[in-house]
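Structural characterization, general
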Amino acid sequence: MFDKSDPRAGLGRATTPTKAPDSDTPIAAAYYTEFDGEPSLVSPLGSPTWIVRGQNFLVAYSRLSAGDELRRPKGQDEYIVILHQDDAMVTIESSGAPATIKGQTLAVVPPGKSVIRAEQPTDVVRVFDIRTSDLAAQAANAADYLEDHPRVAPLEIWPEPADGGKLRVYPLDEIAPEPGRFGRIFRTRTLMVNYMYPSEGPRDISKLSPHHHDDFEQGSLAVRGEFVHHIRTPWTPDMNQWRDDEHTSVGSPSLAIIPPPTVHTTRATGTGTNILIDIFSPPREDFSDQPGWVLNAHEYPRP
C-alpha cells in the first residue's frame, strides 16, 4: 500500500511466481544489527568487518584504517562495493587498470581476484551473493540459515553483462533525481541495490509505504541518520507462530533483514540527513520493468 505520490504505486510482481508455500509454513523473524558490536573479522592492521547474511545475499561492512586492504581470491564471483562517506577514498584492483574512487560511489567488481585498499580511513560496504560461502559462514546470523527459509525463492543468476566482466564505477552524486524514478537502482547478475536519495528530517507519517514481498527478503542498510523499521507478521493458522508488531529503532550504520511476506515500512526519524540503501537478490523484475529505473540496465540484460 503506497501513497499515490510514491513511484512504486503501480508496480507489478517483483519476481517470477514460485510454488506458493502452505498456509502454515513458518514465517521467519526479522533480524536487526548495528555495526558497532563484536565484529566477524579483524584484519592484521586492526580493521573490523561485520558480516550479516540473508538467504541469497550477504553484507560485509568494514571500517578500514588507511592502507588496509580487503582481498578476494581468483574464484570470487562478481560483487558490489558501496562507499557512503563524503570523504571516502579507496583504490580497487581487479581485471584491468586500478581505479581510485572517492565519495559516495557504487562499484561492481568483476569475477576473479581483487583488492580494495583504503587510501585514508574509509568505511567500505561489500554486497555478495550467497555463493561467497567463506564469508557467509562467518556471518553473525549464520545459524539462522542452517536450513533454507521455505518462503524465500532461490538464487537466480541473470545473463552475463553485454560487454563482459570489468570494473564498473558509478559516482552517485552525478545522478540527479528524476520525476517518477525511484531512487538510484543498479543490478548485477544476482543482486539489486537501490541507493536512496538523502532525506532531511523525519519522514511524514501520513506518507508511509506499508507493503510486502511474496517470496524475497529485503536488506535495509542505514548509512546515515536514524530510522524505525515497522514490521507486521501475517497470522498463519498456527497461533504459536504469531508475533506482535515490531517498531524497531536503529541508528547508522545498521542493517535489517526483512523476511517475506511480512508487511513493512521504514520511517526516517533523524533530525538531520537520513540515507537508506535497499538490497535484493535476485534482481527485482518489477523494478527492472520500469523504463529508466535501473541505471545500468543497458549493461546487464534481463533473462
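Residues numbered from 1 in each chain as written. Predicted model: local features only at pLDDT ≥ 70, side-chain atom pairs only at ≥ 80, totals over all residues. Heavy atoms only, no water.

1. Thoughts on the overall build of the protein
Along the backbone of the protein there are 2 helices and 21 strands. Against the compact-globule benchmark of 19 Å for 303 residues, the protein has a radius of gyration of 19 Å, which places it among compact chains. In terms of principal-axis extent, the alpha carbons of the protein reach across some 55 × 45 × 40 Å. Looking at the protein as a whole, 52% of its 303 residues are labelled buried. Taking the intrachain contacts of the protein between residues at least 6 apart in sequence as the baseline, contacts between residues at least 24 apart amount to 79%. (Helix = DSSP H or I, 4+ residues; strand = E, 2+ residues; numbered from the N terminus. Rg over C-alpha atoms; globule rule 2.2 N^0.38 Å. Buried < 20%, exposed > 50% of the residue type's maximum accessible area, 1.4 Å probe, protein only. Contact = heavy atoms within 4.5 Å.)

2. Observations concerning the nonpolar core
Ile80, Ile82, Leu106 and Leu221 are the most contacted members of the largest nonpolar core, which has 28 residues in total. Beyond its immediate sequence surroundings of up to four residues, isoleucine 82 is in contact with Thr105, Leu106, Asp123, Val124, Val125, Val127, Val193, Tyr195 and Ile277. One finds Ile51, Phe128, Ile130 and Ala142 within the second-largest nonpolar core, a separate group that totals 25 residues. (Core = buried A, V, L, I, M, F, W, Y, C linked by side-chain atoms within 4.5 Å.)

3. Re the environment of proline 121
Mapped onto the elements, proline 121 comes out in the loop between strand S10 (114-118) and strand S11 (122-129). Exposure remark for proline 121: the relative accessible area of 56% places this residue in the exposed category. The sequence separation of proline 121 and methionine 89 amounts to 32 residues, and the corresponding C-alpha distance is 7.9 Å.

4. Thoughts on the pairing of strand S6 (residues 79-83)
For S6, the tally of buried residues reaches 5 of 5 residues, placing the bulk of the element in the interior. Sheet topology places S6 next to S11; 3 bridges connect them, and they run antiparallel. Note on S11: the bridge partner recorded for isoleucine 82 is valine 125. (Pairing = 2+ DSSP bridges.)

5. Overview of the environment of asparagine 194
With respect to the helices and strands, the residue asparagine 194 is situated in strand S14 (residues 192-195). Judged by its relative accessible area of 1%, asparagine 194 is buried. Residues asparagine 194 and arginine 184 lie 10 residues apart in sequence; the distance between their C-alpha atoms is 5.3 Å. With near-sequence residues (within four places) excluded, asparagine 194 lies in contact with Phe182, Gly183, Arg184, Ile185, Leu276, Ile277 and Asp278.

6. Some details on the pattern of salt bridges
With the rule as written, the count across this model stands at 16 salt bridges. Arginine 71 is paired through a salt bridge with glutamate 69; the nearest N and O atoms lie 2.9 Å apart. Looking at glutamate 69, the relative accessible area reads 28%, which means it is partly exposed. When the shortest N-O distance is used, the salt bridge between arginine 131 and aspartate 77 registers 3.5 Å. (Salt bridge = Lys/Arg side-chain N within 4 Å of Asp/Glu carboxyl O.)

7. Examining the packing of aromatic side chains
For the structure on display, the rule yields 11 aromatic pairs. The interplanar angle of 45 degrees and the centroid separation of 6.0 Å between the aromatic rings of phenylalanine 182 and tryptophan 293 together place this pair among those described as tilted. One end of the pair, phenylalanine 182, is in the loop between strand S12 (168-171) and strand S13 (185-187); the other, tryptophan 293, is in the segment after helix H2 (285-288), with 111 residues separating them in the sequence. Residue phenylalanine 182 is classed as buried on the basis of its relative accessible area, which comes to 9%. (Phe/Tyr/Trp six-rings, centres within 6.5 Å; stacked < 30°, edge-to-face > 60°.)

8. Looking at the sheet that holds strand S4 (residues 57-64)
In a beta sheet, neighbouring strands are held together by backbone hydrogen bonds and run either parallel or antiparallel to one another. Here 7 strands make up an open sheet; going across it, the order is S2-S3-S4-S11-S6-S9-S12 and the pairing antiparallel. In the strand order of this sheet, the two ends are held by strand S2 (41-42) and S12, each with one partner. Relative to S4, strand S3 (residues 48-53) is paired through 5 bridges, and the arrangement is antiparallel. The residue bridging tryptophan 50 from the neighbouring strand is tyrosine 61, located in S4.

9. Here we look at the sheet that holds strand S20 (residues 263-268)
Taking strand neighbours across the sheet as the criterion, the 3 strands line up as S18-S17-S20 in an open arrangement whose pairing is antiparallel. Single-partner strands in this sheet number two, and they are strand S18 (246-250) and S20. Neighbour-to-neighbour, the strand axes of the sheet open up by a mean angle of 15 degrees, direction not taken into account. Note that strand S17 (residues 227-232) and S20 share 6 bridges and pair antiparallel. When the bridges of S20 are listed, isoleucine 231 appears paired with histidine 264. (Axes fitted to C-alpha atoms, helices over the stretch in contact; angles between N-to-C directions.)

All quantities given are derived from atomic positions and should not be read as evidence of function.
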